[in-house]
Amino acid sequence: MRYYFYIKSLHIIFIVTWFSGLFYMVRLFIYHTEAAEKGEPERTILMQQFRVMIRRLWLGITWPSAILTLILGPWMAILMGAIPDWLWIKLGFVLGLYGYHFSLQAIYRQQMKGIFRWSSQQLRIWNEVATIFLVAIVMLATVKENMSWAWGLTGLVGFVIVLMGAIRVYKKMRMKK
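Figured I'd write up the structure that's included with this text. The shown structure was predicted, so the numbers you read here are calculated from the model rather than taken from an experiment. (Residues numbered from 1 in each chain as written. Predicted model: local features only at pLDDT ≥ 70, side-chain atom pairs only at ≥ 80, totals over all residues. Heavy atoms only, no water.)

1. Observations regarding the overall build of the protein
Next up, step 1: Counting its regular elements, the protein contains five helices and zero strands.
Next up, step 2: Its helices and strands taken in sequence order, the protein reads α-α-α-α-α from the N to the C terminus.
Next up, step 3: Projected onto the principal axes, the alpha-carbon positions of the protein cover approximately 60 × 35 × 20 Å.
Next up, step 4: Split into buried and exposed, the 177 residues of the protein put 36% on the buried side.
Next up, step 5: Counting contacts in the protein only where the partners sit at least 6 residues apart, residues at least 24 apart contribute 83% of the total.
Next up, step 6: With 20 positive and 7 negative side-chain charges, the protein shows a spacing of 2 Å between the two charge centroids. (Helix = DSSP H or I, 4+ residues; strand = E, 2+ residues; numbered from the N terminus. Buried < 20%, exposed > 50% of the residue type's maximum accessible area, 1.4 Å probe, protein only. Contact = heavy atoms within 4.5 Å. Lys, Arg positive; Asp, Glu negative; His and termini not counted. Charge placed at Lys NZ, Arg CZ, Asp CG, Glu CD.)

2. Considerations on the packing of helix 1 (residues 4-35) against helix 4 (residues 120-143)
Next up, step 1: Contact pair helix 1 / helix 4: the axes reach a minimum separation of 9 Å and the direction vectors enclose 175°. Considering the angle they form, helix 1 stands roughly antiparallel to helix 4. For the pair helix 1 and helix 4, contact is made by Phe19, Leu22, Phe23, Val26, Arg27, Phe29, Ile30, Thr33 and Glu34 and by Ser120, Leu123, Arg124, Asn127, Ala130, Thr131, Phe133 and Leu134, respectively.
Next up, step 2: Looking at side-chain class alone, the contact of helix 1 with helix 4 contains ten nonpolar, four polar and three charged residues. (Axes fitted to C-alpha atoms, helices over the stretch in contact; angles between N-to-C directions. Parallel < 35°, antiparallel > 145°, perpendicular 65-115°, else oblique. Nonpolar A, V, L, I, M, F, W, Y, C, P; charged D, E, K, R; others polar.)

3. With respect to unusual backbone geometry
Next up, step 1: Across the junction of glutamate 40 and proline 41, the peptide omega takes the value 0°, indicating a cis bond.
Next up, step 2: In this fold, proline 41 is placed in the loop between helix 1 and helix 2 (42-80).

4. Observations concerning the pattern of salt bridges
Any two side chains of opposite charge can pair, given that their charged atoms come close.
Next up, step 1: Taken as a whole and assessed by the stated rule, the structure comprises two salt bridges.
Next up, step 2: With its nearest N and O atoms 4.0 Å apart, the salt bridge here joins glutamate 40 to arginine 43. (Salt bridge = Lys/Arg side-chain N within 4 Å of Asp/Glu carboxyl O.)

5. A look at helix 4
Each full turn of the α-helix corresponds to 3.6 residues, which orients residues three or four apart in the same direction.
Next up, step 1: In a regular helix each residue adds 1.5 Å, so 24 residues correspond to 34 Å; helix 4 covers 35 Å between its end C-alpha atoms and thus fits that length.
Next up, step 2: Remark: lysine 144 follows helix 4 within two positions and exhibits a positive phi of approximately 55°. (Expected span 1.5 Å × (residues − 1).)

6. Some details on the nonpolar core
Next up, step 1: Membership of the largest hydrophobic core comes to 29 residues, with the highest contact counts inside it found for Leu22, Phe29, Ile54, Leu97, Tyr100 and Leu104.
Next up, step 2: Residue assignment for this core shows that the elements contributing at least two residues are helix 1, helix 2, helix 3 (85-112) and helix 4.
Next up, step 3: Looking at which element gives the most residues to this core, the answer is helix 1, with nine residues.
Next up, step 4: The contact partners of leucine 22, leaving out residues within four places of it in the chain, are Trp58, Thr62, Leu97, Tyr100, His101, Leu104 and Asn127. (Core = buried A, V, L, I, M, F, W, Y, C linked by side-chain atoms within 4.5 Å.)

7. Comments concerning empty space enclosed by the protein
One simple way to see leftover space: roll a probe sized like a water molecule over the atoms.
Next up, step 1: The full count for this structure, using the stated rule, is one cavity of 30 Å³ or more.
Next up, step 2: Size it by volume and the largest cavity reaches roughly 30 Å³.
Next up, step 3: Thr33, Ile107, Gln110, Gln111, Ile115, Phe116, Arg117, Trp118 and Leu123 are the residues that line the largest cavity.
Next up, step 4: With three residues, the top contributor of residues to the lining of the largest cavity is helix 3.
Next up, step 5: A class-by-class count of the residues in the lining of the largest cavity yields five nonpolar, three polar and one charged. (1 Å grid on protein atoms, 1.4 Å probe; cavity = no way out; pocket = protein on both sides within 12 Å on 5 of 7 lines; lining within 4 Å. Points joined across faces, edges and corners; volume = space filled by probe spheres on them.)

8. Digging into the packing of aromatic side chains
Next up, step 1: For the coordinates displayed, the defined rule picks out ten aromatic pairs.
Next up, step 2: Measuring from ring centre to ring centre gives 5.3 Å for tyrosine 100 and tryptophan 126, while their planes differ by 45°; the resulting arrangement is tilted. With tyrosine 100 in helix 3 and tryptophan 126 in helix 4, the pair connects residues that are 26 residues apart, well separated along the chain.
Next up, step 3: Take tryptophan 126: its relative accessible area is 25%, and that puts it in the partly exposed class.
Next up, step 4: An aromatic cluster is present here, built from Trp18, Phe19, Phe23 and Tyr98 joined pairwise through their rings. (Phe/Tyr/Trp six-rings, centres within 6.5 Å; stacked < 30°, edge-to-face > 60°.)

9. Regarding the layout of surface pockets
Next up, step 1: Volume-wise, the largest pocket comes out at about 720 Å³.
Next up, step 2: Residue lining of the largest pocket: 29 residues in total, with His11, Ile15, Met76, Leu87 and Lys90 positioned closest to the centre.
Next up, step 3: Residue assignment for the lining of the largest pocket shows that the elements contributing at least two residues are helix 1, helix 2, helix 3 and helix 4.
Next up, step 4: Per-class residue counts for the lining of the largest pocket are 22 nonpolar, four polar and three charged.

What follows is the structure, given as C-alpha cells:
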C-alpha cells in the first residue's frame, strides 16, 4: 500500500493524456478529411501537415498513454487487494474505451493511406463517444458505491441525448455559414 497513491497519481496522469489524445485525434481526422475535399495546392499542403500531426499525436502521446494506463490500472488493483463491485463495472467501460481506441487505430491506418471512409460529420459524432466513456468512467471512479445504478444509467442516457442534440444544433449552425 506504500506505493499505491504514487501509482494512482501516474494512472490518472496517463488517463488524462490518453483522453486528450483521443479527443484531439478525431479532430485531426476531421480536419484531414475536410482538407482532402479542398482544391490544390491547399489540399496537398494541408494533408501533408495533418498526416505529420496525426502520426505524432497517435504514436507519441495517445498510444503510449493507453499502454501506461493499461499497466498502471492493474498494478493499482493489485496493490488495492480485493476488487470492489463498482470497479468491475468501470472496467467494462474501460474495455469499451479500448475498443473505441482500436476503432481510431483503424481510421488512422486508413487516413495514412489516403482513404477517407468517414465523413467529417460522422467523425464529429464518433468523437463524442470518448466523452460518453469519460463521463461514465469518472462517475464510477468518484461516486463508487454511493451511485444509484438506475439514476446513473438514466443520467448517462440523458447525457447522450443532450450531446446528440448539441451535435445537431452545431451542424445546423455550420450549414448556415
